[in-house]
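# Structural overview for review
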Amino acid sequence: MHGNPVPDTYVYVTEEGVTRHYADGSVEALAWEDVVEVRVGGLTPADGRADVLIVLLDRDGEGCVVPRSATDATFLARLRYLPDFDLDRLSTAFESANDGYVVVWRSPDPPSPLPDLEYD
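Values in this document were obtained by computation on a predicted structure and should not be read as measured data.

### Some points on the packing of aromatic side chains
Tallied over the full model, the rule gives one aromatic pair. Aromatic side chains W32 and F75 sit 6.1 Å apart centroid to centroid with 45° between the ring planes, which places their arrangement in the tilted category. You can see W32 sitting in the loop between strand 3 (27–31) and strand 4 (37–43) and its partner F75 sitting in helix 1 (residues 73–79), a full 43 residues away along the chain. Each of the two residues, W32 as well as F75, counts as buried.

Have a look at this one:
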């Protein structure tokens with residue numbers, strides 16, 4: 001019997017936070033209350049398929065990477081609860097995403113500076 005292929009990632013969005021489960025069993029999770037920065041960028045993996053990534057970070061630079069292809073209305077609606085989050089800025093970042101990352105939102109009062117992160 002042939003079934004649908006198993007996706008390489010699952011993303012769950014709740015009122016408490018975002019969790020991403022990878023096919024290899026690893027998990028990334030971040031509570032909404034801990035999000036201090038949102039970044040958007042493009043990624044072109046070895047297979048040539050491009051996807052836009054939304055990176056949610058906490059004050060320690062740890063976070064959860066969410067592919068745009070795995071987002072839904074619930075995720076976008078929840079982003080709007082971040083203080084002064086601008087959906088138009090997010091949309092513009094989606095349209096101009098490349099292999100670099102752009103900060104589309106930063107907490108008005110983050111507890112400490114975030115490091116510049118390298119993404120593979």
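The discussion continues.
### A closer look at the side chain of E37
Mapped onto the fold, E37 is located in strand 4. Of note is the side chain of E37, whose polar atom sits 2.3 Å from the side chain of R39.

### Notes on the pattern of salt bridges
Under the defined criterion, the tally for this structure stands at two salt bridges. R106 serves as the salt-bridge partner of E37, at 2.7 Å between the closest nitrogen and oxygen. Separated by 69 residues along the polypeptide, E37 in strand 4 and R106 in strand 7 (residues 101–106) bring together distant segments of the chain. E37 sits in the buried class, given a relative accessible area of 0%. Residue classification places R106 among the partly exposed residues on the basis of a relative accessible area of 47%. Connected via shared salt-bridge partners are E37, R39 and R106.

Criteria and cut-off values
Residues numbered from 1 in each chain as written. Predicted model: local features only at pLDDT ≥ 70, side-chain atom pairs only at ≥ 80, totals over all residues. Heavy atoms only, no water. Phe/Tyr/Trp six-rings, centres within 6.5 Å; stacked < 30°, edge-to-face > 60°. Helix = DSSP H or I, 4+ residues; strand = E, 2+ residues; numbered from the N terminus. Buried < 20%, exposed > 50% of the residue type's maximum accessible area, 1.4 Å probe, protein only. Polar contact = N/O pair within 3.5 Å; in protein donor to acceptor, adjacent residues only side chain to side chain. Salt bridge = Lys/Arg side-chain N within 4 Å of Asp/Glu carboxyl O.

That is the geometry; function is a separate question.
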